[in-house]
Amino acid sequence: MEINQHSLLPTSPRPIAIIGAGGIVMEAHLPAYSLAGWQVMGIFDLDQSKAEAAVSKFPIVSKIFSDLGDLIKIAFKQQAVFDLAVPADQISRILQQLPNGSAVLIQKPMGETLAEAAEIHEICQRKKLIAAVNFQLKFAPYMLAAKDMVQKDLLGDVYDLELKVCVNTPWNLWGFLKGKPRMEVLYHSVHYLDLIRSFLGNPITVHASLSRHPKMQDLADTRSSIILNYDEFTQARILTNHGHEFGVKNQESYFKIEGTKGAIKITIGLSLDYPKGQPPKMEYCLLEGNEGWKDIPLSGGWFPNAFIGTMAALQIKLENPGAHLLNSTADAFQTMKLVEKVYQASQSGGTSFEKIS
């Protein structure tokens, strides 16, 4: 069975200018661009030692810039794509500094609130930026394969999506999350909400319950139960528990799709025993032929392969303005609206037991 696992690549890739040199750049952006053979014309970080570490490890990075203004000026002249890899609360300020008409890939999430997402979207429109957001899970090889199978009607009518994560996430790796009023959904499950939207679009109703963890009292939500209803037959669920500290044996991290003709189950290995991770796995079962579950050999995982997809999609949009940009700021804004609905649904609470007659 020939199933697509690869993002389309630009024929004449532009150079990349990276703003920010934190962990995600070292673990995903630069490995992805190295794998794709793309050139990074320069990098800037307020902590120059981080930029120096990037240059020493990745030969594709040509230069360290000590001044953000200099990087922006030179990168724009070279028609480079800005890769904005900074915390969400810094996005708007930096977007304001980019020249009108710039191309920019914005790190997720698209702001920390719906108001910030709206501001980012407005800036991009006003400045005529060719902009995309780095919601990259839908570009992982196994997600591309799943979408290809759905589009080829191998699964029939898709009616059930389930994403479950039961792991021990080391949130201490991201110190800036402490004290944030919103955490797990905004910084993690937003990927799952965006992924589900890429398959089913926006839901009709949203139900949610978000919880903190007694051993992580400096963090907001670390567990989530989210139900997205589409019609009388179609539902998607997201179940996360980031505090399973009892070893890897019973950790879970999977995405399951069920249709009238078949099903897919994907093990998202990155989340298991993070940051070390485990290999991903993709299985499918088609009712026709009654051959049971079969494996699909995979060509990569979430990190770093999916990060090729988000940048490639933007660069293809630059080559062909008529191309559909799957991770456009307009689409990302819809995902941020769904994030807001999840938090609102959780805050509204459920039905009190005392009120049940």
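Residues numbered from 1 in each chain as written. Predicted model: local features only at pLDDT ≥ 70, side-chain atom pairs only at ≥ 80, totals over all residues. Heavy atoms only, no water.

Draft legend 1. Seen up close, the sheet that holds strand 1 (residues 16–19). With parallel pairing, five strands are arranged side by side in an open sheet as 2-1-3-4-5. Two strands bound the open sheet, and with one partner strand each, they are strand 2 (40–44) and strand 5 (130–133). In this sheet, neighbouring strand axes are inclined to one another by 15° on average, regardless of whether the strands run parallel or antiparallel. Across the sheet, helix 3 (residues 68–77) is in contact with strand 1, strand 2 and strand 3 (81–84); its angle to strand 2 comes to roughly 160°. (Pairing = 2+ DSSP bridges. Helix = DSSP H or I, 4+ residues; strand = E, 2+ residues; numbered from the N terminus. Axes fitted to C-alpha atoms, helices over the stretch in contact; angles between N-to-C directions. Contact = heavy atoms within 4.5 Å.)

Draft legend 2. View of helix 8 (residues 305–319). Look at helix 8: 21 Å from first C-alpha to last across 15 residues, which is about the 21 Å you get at 1.5 Å a residue. Burial within helix 8 is extensive, with twelve of its 15 residues counted as buried. Inspection of helix 8 places Asn305, Ala306, Phe307, Ile308, Gly309, Thr310, Met311, Ala312, Ala313, Leu314, Gln315 and Leu318 among the buried residues, and these make up the whole buried set. Residues of helix 8 that are buried sit in contact with strand 1, helix 1 (23–36), strand 3, strand 4 (103–106), strand 5 and helix 6 (141–151). (Expected span 1.5 Å × (residues − 1). Buried < 20%, exposed > 50% of the residue type's maximum accessible area, 1.4 Å probe, protein only.)

Draft legend 3. Here's a closer look at the sheet that holds strand 11 (residues 262–267). Strand order in this open sheet of eight strands is 7-8-9-6-10-11-12-13, and the pairing throughout is mixed. This sheet does not close on itself; its edge strands, each paired only once, are strand 7 (205–211) and strand 13 (293–295). Put simply, the sheet's adjacent strands are angled 10° from each other on average, direction ignored. With seven bridges joining them, strand 7 and strand 8 (residues 223–229) adopt antiparallel strand pairing. The residue bridging Ser209 from the neighbouring strand is Ser225, located in strand 8. Against the sheet, helix 7 (residues 184–200) contacts strand 6 (158–166), strand 7, strand 8, strand 9 (235–241) and strand 10 (252–259), and its axis sits at roughly 160° relative to strand 9. Against the sheet, helix 9 (residues 329–348) touches strand 7 and strand 8, its axis set at about 65° to strand 7.

Draft legend 4. Geometry of the packing of helix 5 (residues 114–126) against helix 9. Where helix 5 contacts helix 9, the axes come no closer than 9 Å and their chain directions differ by 170°. By the angle between their directions, the pair helix 5 and helix 9 is classed as roughly antiparallel. The segment helix 5 lies against helix 9, with Leu114, Ala117, Ala118, His121 and Cys124 engaging Thr329, Ala330, Phe333, Met336, Lys337 and Glu340. For the contact of helix 5 with helix 9, the per-class residue count stands at seven nonpolar, two polar and two charged. (Parallel < 35°, antiparallel > 145°, perpendicular 65-115°, else oblique. Nonpolar A, V, L, I, M, F, W, Y, C, P; charged D, E, K, R; others polar.)

Draft legend 5. Structural view of the environment of Ser7. You can see Ser7 is positioned in the segment before strand 1. In the structure, Ser7 is positioned 137 residues away from Leu144 in sequence and 7.7 Å away in space, judged by C-alpha atoms. Once residues within four sequence positions are removed from consideration, Ser7 is found in contact with Phe139, Leu144 and Gly309.

Draft legend 6. Summary view of the packing of aromatic side chains. Applying the stated rule across the entire model yields seven aromatic pairs. Taken together, a centroid distance of 6.1 Å and an interplanar angle of 90° make the contact between Trp302 and Phe303 edge-to-face. With relative accessibility at 5%, the residue Trp302 sits in the buried group. Among the aromatic side chains, those forming a connected cluster through ring pairs are Trp171, Trp174 and Tyr274. In this arrangement the basic side chain of Lys63 is found over the ring face of Phe65, its NZ or CZ atom lying 4.7 Å from the centre. (Phe/Tyr/Trp six-rings, centres within 6.5 Å; stacked < 30°, edge-to-face > 60°. Lys NZ or Arg CZ within 6 Å of the ring centre and 35° of its normal.)

Draft legend 7. A look at the pairing of strand 11. Of all six residues that make up strand 11, five are buried, and the element is covered over most of its length. In this structure, strand 10 lies alongside strand 11, joined through five bridges in antiparallel fashion. The residue bridging Glu258 from the neighbouring strand is Ala263, located in strand 11. Linking strand 10 to strand 11, which pair antiparallel, is a turn of two residues. Taken together, the six bridges between strand 11 and strand 12 (residues 281–286) define a ladder with antiparallel strand orientation. Looking at strand 12, one finds that Gly262 is bridged to Leu286.

Draft legend 8. Seen up close, the pairing of strand 3. Of the two faces of strand 3, the one lined by Val81 and Asp83 and the one lined by Phe82 and Leu84 are each fully buried. Sheet topology note: the strand 1/strand 3 ladder contains four bridges and is parallel. Residue pairing for strand 3: Ala17 is matched across the bridge by Phe82. With helix 4 (residues 91–97) bridging strand 3 and the parallel strand 4, this β-α-β connection has right-handed handedness. (Right-handed = clockwise from strand over helix to strand, strands pointing away.)

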